[in-house]
Amino acid sequence: MKEVFSEDKSNFVNLKEEIPDIVVDLRYHSNYNFVGTKIDGYEKSIAYVTKECAKKLKEVNDEVKKYGYVLKIFDAYRPQMAVNHFIRWGEEKDHTKTKDIFYNNIEKENLFKEGYISKKSAHTRGSTVDLTLYNTIIKEDLDTGGEFDNFGEIANYNYQNITEFQKQNRKYLRDVMVRHGFIPLETEWWHFTLKNEPYPNTYFTFEIK
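Analysis parameters
Residues numbered from 1 in each chain as written. Predicted model: local features only at pLDDT ≥ 70, side-chain atom pairs only at ≥ 80, totals over all residues. Heavy atoms only, no water. Helix = DSSP H or I, 4+ residues; strand = E, 2+ residues; numbered from the N terminus. Rg over C-alpha atoms; globule rule 2.2 N^0.38 Å. Buried < 20%, exposed > 50% of the residue type's maximum accessible area, 1.4 Å probe, protein only. Contact = heavy atoms within 4.5 Å. Axes fitted to C-alpha atoms, helices over the stretch in contact; angles between N-to-C directions. Parallel < 35°, antiparallel > 145°, perpendicular 65-115°, else oblique. Left-handed = near helix turned anticlockwise from the far one by under 90°. Polar contact = N/O pair within 3.5 Å; in protein donor to acceptor, adjacent residues only side chain to side chain. Core = buried A, V, L, I, M, F, W, Y, C linked by side-chain atoms within 4.5 Å. Pairing = 2+ DSSP bridges. Salt bridge = Lys/Arg side-chain N within 4 Å of Asp/Glu carboxyl O.

Enquirer: Tell me about the overall build of the protein chain, residues and numbers included.
Expert: Across its full length, the protein chain holds six helices and ten strands. Since a compact globule built from 209 residues should have a radius of gyration of about 17 Å, the 16 Å found for the protein chain is in line with a globular shape. Principal axes of the C-alpha set define a box for the protein chain whose edges measure 45 × 45 × 30 Å. Looking at the 209 residues of the protein chain, the share that counts as buried comes to 53%. Long-range pairs, those at least 24 residues apart, make up 75% of the contacts in the protein chain with a sequence separation of at least 6.

Spelled out as structure tokens, the structure:
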């Protein structure tokens, strides 16, 4: 089917309102991200997703709560203007102030070539999330041996140069997400898309506000 763009947000919900105990840490609403500044379209720190996606994420959260965890959301719906911001940044060859933190083992010009950043993002369709699990008892993220948006081999799900404990944590996160209907991304352990996403060919453009 032909790809379309839409401003219609009638089927989107605020994930925090649907699942009050989750942690929302939208990195693109802050300066702490690979660009180094707040990203266009992220006017508020609100994690929007489609209603279908929210329903499945609640199932995940309900399951992991039994073991002392809740979902921690790094990114959810991403407006197309944010993707355009990434593209502009990618063309600024001298803008590399965050390289040591987020892509120290890969050249900036290869971030798009190798698929770490896309010019059309599944996030813009409203049913993709970047997340981890947060331990509510010890007040720490699940130890997965790598940080969100730390691009390069360490982001790959099957990266081997981490401990067995960290590998098992990656597997636990992936297994619970897959069990509730999400498709993982091999190159980013934190990235999941709803298998039966309602808008597989629609890219949304409304701002997060």
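So much for the structure itself; the text now carries on.
Enquirer: Break down the packing of helix H2 (residues 51-65) against helix H6 (residues 164-179) for me, with residues and values.
Expert: Packed helices, taken two at a time, are described by the angle between their axes plus the distance between the axes. Where H2 meets H6, the closest approach of the two axes is 9 Å, and the angle between their N-to-C directions is 130 degrees. With respect to each other, H2 and H6 are oriented oblique. The two elements H2 and H6 meet at a crossing, and its hand is right-handed. Only Tyr-172, Val-176, Met-177 and Arg-179 of H6 make contact with H2, whose side of the interface consists of Leu-57, Val-60, Glu-63 and Val-64.

Enquirer: Quick rundown of the side chain of Asn-135? Include the residues and the values.
Expert: Relative to the assigned elements, Asn-135 resides in strand E6 (residues 128-135). Within the structure, Asn-135 has its side chain in polar contact with the backbone nitrogen of Ile-138 (distance 3.1 Å). Beyond its immediate stretch of four places on either side in the chain, Asn-135 contacts Gly-68, Tyr-69 and Glu-140.

Enquirer: Describe the nonpolar core, naming the residues involved and giving the relevant values.
Expert: Core analysis: the biggest nonpolar cluster contains 53 residues, and Leu-15, Phe-34, Leu-57, Val-129, Leu-131 and Met-177 have the highest contact counts within it. Mapped by element, the contributors of at least two residues to this core are strand E2 (12-14), strand E4 (48-50), H2, strand E5 (69-75), helix H3 (80-91), E6, H6 and strand E9 (188-194). Considering each element in turn, this core owes the most residues, five residues, to H2.

Enquirer: How would you explain the pairing of E9 if you had to name every residue and give the values?
Expert: Counting buried positions over the seven residues of E9 gives seven, a clear majority of the element. Inspection of the sheet shows E6 paired to E9 by three bridges, in the antiparallel sense. Each bridged residue has a counterpart across the sheet, and for Val-129 the counterpart in E9 is Phe-192. Connecting the antiparallel pair strand E8 (residues 182-185) and E9 is a turn made up of two residues.

Enquirer: Explain the environment of Asp-75 residue by residue, including any values.
Expert: Following the sequence through the fold, Asp-75 ends up in strand E5. By relative accessible area, Asp-75 is classed as buried at 0%. Linking Asp-75 and Phe-151, residues 76 residues apart in sequence, is a C-alpha distance of 15 Å. Asp-75 has contacts with Leu-26, Tyr-28, Tyr-42, His-123, Thr-128, Val-129 and Asp-130, leaving out every residue within four places of it along the chain.

Enquirer: An account of the pattern of salt bridges is needed here, citing residue identities and associated values.
Expert: Overall, the coordinates contain 17 salt bridges when judged by the stated rule. Residues Lys-99 and Glu-107 are paired through a salt bridge, measuring 4.0 Å at the closest nitrogen-oxygen approach. Residue Arg-125 pairs with Glu-197 through a salt bridge whose shortest N-O separation is 2.9 Å. Here Glu-197 lies in the loop between E9 and strand E10 (202-204) and Arg-125 lies in the loop between helix H5 (110-113) and E6, a separation of 72 residues in the sequence. Take Arg-125: its relative accessible area is 13%, and that puts it in the buried class. Ionic contacts of the salt-bridge type, sharing partners, join the residues Asp-75, Arg-78 and Asp-130 into one network.

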